[in-house]
Amino acid sequence: MTQSAVDLTTPLTAPSIRPLIARLPDLSGDATVRESAVVTHHGAGPDAAWWRQAVIYQIYPRSWADSDGDGIGDLPGITARLDHLSRLGVDAIWLSPFYTSPQADAGYDVADYRDVDPLFGTLGDADALIARARELDLRVIVDLVPNHSSDEHAWFQAALAAAPGSAERDLYMFREGAGDAGELPPNNWQSVFGGPAWTRITEGDGQAGQWYLHLFDPKQPDFNWEHPAVRAEFESVLRFWLDRGVDGFRVDVAHGLIKADGLPDAQERTTMLGDTVSDGAAVSDDVDVDDVDDVDDAGDADDHRVDTPYWDQDGVHEVYRAWRRVLDGYGAPDRILCAEAWVEPQSRAVLYVRPDEMHQAFNFDFLQTPWRAPDLTSVIKSSLRAADSVGAPSTWVLSNHDVVRHTTRLGYAPGYRVPNGISADDAQPDEALGLHRARAATALMLALPGSAYLYQGEELGLPDSTDLPHHVRQDPTFGRTDGQEIGRDGCRVPLPWVGGAPSLGFGPAEATWLPQPASYDHYAVDRQEGATGSTLELYRSLLAARRDLSLGTGSLSFVEGYGNDVVTFVNDAEGRDRLLVVANLGETTVMLPPGCEVIVASGPLAEAGVPTDTTVWARWL
Ligand code: BGC
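Quick notes on the rules
- Residues numbered from 1 in each chain as written.
- Predicted model: local features only at pLDDT ≥ 70, side-chain atom pairs only at ≥ 80, totals over all residues.
- Heavy atoms only, no water.
- Core = buried A, V, L, I, M, F, W, Y, C linked by side-chain atoms within 4.5 Å.
- Buried < 20%, exposed > 50% of the residue type's maximum accessible area, 1.4 Å probe, protein only.
- Helix = DSSP H or I, 4+ residues; strand = E, 2+ residues; numbered from the N terminus.
- Contact = heavy atoms within 4.5 Å.
- Expected span 1.5 Å × (residues − 1).
- Polar contact = N/O pair within 3.5 Å; in protein donor to acceptor, adjacent residues only side chain to side chain.
- Near = heavy atom within 4 Å.
- Areas by Shrake-Rupley, 256 points an atom, 1.4 Å probe, with all protein chains shown as cover.
- Nonpolar A, V, L, I, M, F, W, Y, C, P; charged D, E, K, R; others polar.
- Pairing = 2+ DSSP bridges.
- Axes fitted to C-alpha atoms, helices over the stretch in contact; angles between N-to-C directions.
- Phe/Tyr/Trp six-rings, centres within 6.5 Å; stacked < 30°, edge-to-face > 60°.
- Arc of directions from axis to C-beta.

A. Spatial organisation of the nonpolar core. Phe249 and Trp617 are the most contacted members of the largest nonpolar core, which totals 145 residues. Considering every element that reaches this core, the biggest residue donor is helix H12 (residues 431-446), with 8 residues. In contact with Phe249, other than residues within four places in its own chain, are Ile141, Val142, Leu144, Leu238, Trp241, Leu242, Leu327, Ile336, Leu337 and Cys338. By size, the runner-up hydrophobic cluster in this structure holds 17 residues, among which are Val33, Tyr562, Val598 and Ala618.

Structure (C-alpha cells):
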C-alpha cells in the first residue's frame, strides 16, 4: 500500500509559527469554559535546576550524519552539525552508545566502556564533540549500558576461558543447566529479542558446559550485579566520562541489573514495553477501545516483580543511590542520571527518581497513551501526581530509537498498537494524518511542566520507514523471532539533511546503512528551513516560546467546559502571562475563550477556532 504524500507547504501551514502574537478573528469564546480551581502541579520556581525543565534531544549516532563516507554516522559528523540543535533551541543532547562494540545490538553491546568504536571515531573525537557542545551551550548526556556487556568484553572472554565456579565466571550469570545432563536451560526466562535467555557454552575440554544469562541477544551477557567488582567497575566508568566533561547518563535497562534470588521461573513473556500484543486494526477499521489497556490500570506492583523476576527488583535502588553519590561529588551544575525503566505502575516507576537516586525517568506511560483526550488528560494528571510524590519532574517523551515514531503511530486509529515495528506487509499508517496529529502531540508535550526528550528527526516530522526490505534489517529482534517481530529498524533510518543530494546529505556515500525511503527527500532539513508552516519551524517556535515562558517550571491546572474530546490546561508561573493550551482531538472545531492571543498553533486554524487534531498555545489574559 502506498502512503499518502505530505505536502509541507500547504495543508499543514500554521498561520503563526514564530512566537508572534496572532489574534484569531471572531472568537466569541464559550462562557462555560473556565480554569479549574484545582492546581494539578505546582511549579518548580525560576531557579530550578537545569534538568527539571530541560529539553533533551536524542542523537542516534549511526543515523545522524556520516563524515567518512562509510554510510554510517559518526562523532565528527555529529560535531559538524551540532549548530542545527542550537538553532532548534534544545538544552542538551543524549548520545546513544558509541563505545567499542561488535554492533550486535547497534552499540548496546559494549566491549569497552572507556573507548570509542572506530566506526564512530576516536576518544579525541568524543572530546571534540563535548567541547563543541559546550561552545554552543548544549549539555551532553551519554548512554550507559550496565545490565550487560558484549560477549567480546575482556571480562566475558576471561570468564569463558576460566572454569565453572571461577572468580571470572562470577562476574556474569553462569549456571548449571537443568535436566539429567544439564542439557536444559536453568529456568524458563526468555530473551526480550525472542528465544531463550540462556545460552550453553562449550567448556575448555570440548564438552557442553554451563549456561549464561542474556536478557537480550546471546552476544549481550548479563552482569552479576551482586558482585562488588561489577559495582566498582561501573562507578569507575561513570567517573571516566564525568572527568571528560559529560553532564550525565541515560541508564539503559535501569530496571534490570538485579535478578530475584534463586532465579525463579517467570510467569510472563519478556518484553520491554509491557506491550505484548499488536491489537487493533488499520485506520479505516473499527477499533474496540475496550481492548486497549487503561494506562492507569497497570496491575499489582508485587505481581509484576514476581511475574518477571528480572525486572524492577528492589535491589536496583541501592545501585543508583551509590551512583548518585558519585555524581553529587562533582558539584554544580548537577550531573544527572536518567532511567530507562519500563516499570509499571507509576508508583513503582517514580521510586527511581527519589531525591537520593536518579534525576529523571522516561515517562513511558505518556508515550504509550492512545490519542484520546480523556486518556491523555488522565496520564498527565497521574504522571504529575506520581512525580510530585517524590519531588521529581516528569520526563515526557513521545519517540525514541526503540519505538515506532509518534508521527507513524498516530497515523493509525487511536489505540492501534505497533510495538513490534511495521513492514510492507502490514496495514500502513496514514502519513499526513499521523504528521498532523504528531505536531499536535508535540505541542501538547512541550507545554507541560517538566523535562522533555525529543528523538532525532521528529523535528522534521519524519515518519518510520515502513517498507524496508527484510534483507537489510539489522535489529536482532527480527532474526531471533524468525521475522515474527519486525523490530526497530524503521525508526533508525539515517536523517535527510539536503533534499536531492546523494544520501540526502547524510554523508559522502550514496548508500546509507539502512536505505532512506524516497519520501524522506521532502522532509530534508534544507527543504524545511525557513519554510512557513514546516515542522522544523514549528518545533523552533515551540521551543523558543517554551523557553521565553519557562513552561518547564510552570504550575498546571486543567480547564473545564470543553468536553471529552479536548485536552485543555493552563501553564502558569509568577511574573508572566498564563499560557492556555487547547489540544482538540474531537471532530468539531472548538473556540478559544475571549481574551486569548495565539502564540503558536500546531496546524492551520479555522476561522472559528481550533480544528480537529490541532494544539494551540495562547496567552490567556
Ligand atoms: C535500548 C535498546 C537495546 C536494549 C538492550 C534498551 O533499553 O534502548 O536499544 O536494544 O536496551 O541494551
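Structure's up, so let's keep going.
B. Geometry of H12. Helix length check: H12, at 16 residues, gives a terminal C-alpha distance of 22 Å against a target of 22 Å (1.5 Å per residue), a fit within 8%. The opening residue of H12 is Asp430, an N-cap whose side-chain oxygen sits 3.2 Å from the backbone nitrogen of Ala432.

C. The arrangement of the site of the ligand in detail. Looking at the ligand, there are 15 residues lining it, with Asp105, Asp252, Glu340, His401 and Asp402 nearest. Arg488 places a polar side-chain atom, nitrogen or oxygen, 2.9 Å from an oxygen atom of the ligand. Protein contacts shield 99% of the accessible area of the ligand, which totals 310 Å² for the unbound molecule. Residue composition of the shell around the ligand, grouped by class: 5 nonpolar, 3 polar and 7 charged.

D. Broad picture of unusual backbone geometry. In this chain, Ala332 is followed by Pro333 through a cis amide linkage whose omega measures -10°. Turning to its location among the elements, Pro333 is positioned in the loop between helix H7 (316-328) and strand S11 (336-339). Even without glycine at this site, Asp137 takes up a positive phi of about 70°. For Asp137, the position within the fold is in the loop between helix H3 (123-135) and strand S6 (139-144). At Asp613, a residue that is not glycine, the phi angle is positive and equals roughly 55°. Within the fold, Asp613 resides in the loop between strand S18 (596-601) and strand S19 (614-620). Its relative accessible area of 5% is what places Asp613 among the buried residues.

E. Fine view of the sheet that holds S18. Reading across from one edge, S1-S15-S16-S17-S19-S18 is the order of the 6 strands in this open sheet, with antiparallel pairing throughout. Bordering the open sheet on either side are strand S1 (34-41) and S18, each of which pairs with just one other strand. Sheet twist, expressed as the average angle between the axes of neighbouring strands with direction ignored, equals 30°. Here 6 bridges tie strand S16 (residues 566-572) to strand S17 (residues 578-584), and the two strands are oriented antiparallel to one another. Within the sheet, the bridge partner assigned to Val566 lies in S17 and is Asn584. Those strands touched by H12 are S16, S17 and S19, and its axis lies near 35° from that of S19. Helix H15 (residues 535-548) rests against S18 and S19 of the sheet, and its axis sits at about 130° to S18.

F. Examining the side chain of Ser602 more closely. Relative to the elements of secondary structure, Ser602 occurs in the loop between S18 and S19. For Ser602, a relative accessible area of 1% corresponds to the buried category. When near neighbours in sequence (up to four residues on either side) are disregarded, Ser602 contacts Arg439, Ala440, Ala443, Leu538, Asp613, Thr614 and Thr615.

G. Local environment of the pairing of S17. Among the 7 residues in S17, 6 count as buried, and that is most of the element. Taking the residues that link successive antiparallel strands as the turn, the S16-S17 hairpin has 5 residues, and the phi of Gly575 there is positive, at about 85°. In the sheet, S17 pairs with S19 via 7 bridges, with the strands oriented antiparallel. When the sheet's bridge partners are listed, Leu579 is paired in S19 with Arg619.

H. Structural context of the packing of aromatic side chains. Taken as a whole, this structure holds 31 aromatic pairs when the rule is applied. Ring geometry for Tyr113 against Phe234: centres 5.0 Å apart, planes inclined by 75°, an arrangement best described as edge-to-face. Within this pair, whereas Tyr113 is found in strand S5 (residues 112-116), its partner Phe234 is found in helix H5 (residues 228-243), the two being separated by 121 residues in sequence. Look at Phe366 and Trp396: their rings are 5.0 Å apart centre to centre, the planes differ by 75°, and that puts the pair in the edge-to-face class. Here Phe366, found in helix H9 (residues 364-368), pairs with Trp396, found in strand S13 (residues 395-397); they are 30 residues apart in sequence, far enough to count as distant.

I. Representation of the side chain of Arg439. Summarising the element assignment, Arg439 is placed in helix H12. For Arg439, a relative accessible area of 2% puts it in the buried group. Polar contacts involving the side chain of Arg439 include one to the main-chain carbonyl oxygen of Ser602, which spans 2.8 Å.

J. Structural view of H3. Compared with an ideal rise of 1.5 Å per residue, which puts 13 residues at 18 Å, H3 spans 19 Å between its outermost C-alpha atoms and is within 8% of the ideal. When H3 is considered as a whole, its buried residues turn out to be Ala126, Leu129, Ile130 and Ala133. Within H3, the buried residues cover an arc of 95° as seen down the axis, which keeps them to one side. If you follow the buried residues of H3, they end up packed against helix H1 (75-80), strand S3 (92-95), S5, S6 and H5. At the exit of H3 stands Asp137, carrying a positive phi of roughly 70°.

K. Geometry of the sheet that holds strand S7 (residues 174-175). Strand order in the open sheet formed by 3 strands is S7-S9-S8, and the pairing between neighbours is antiparallel. The strands lining the two open edges of the sheet, one partner per strand, are S7 and strand S8 (198-202). Relative to strand S9 (residues 208-213), S7 is paired through 2 bridges, and the arrangement is antiparallel. Along S9, the bridge assignment pairs Phe174 with Tyr212.

L. Quick peek at the pairing of S16. Here S16 lies mainly inside the structure; 6 of its 7 residues are buried. Taken together, the 4 bridges between strand S15 (residues 555-560) and S16 define a ladder with antiparallel strand orientation. The residue of S16 that forms the bridge with Leu556 is Asn571. Counting the residues in the hairpin turn of S15 and S16 gives 5 residues, including Gly561, whose phi is positive at 115°.

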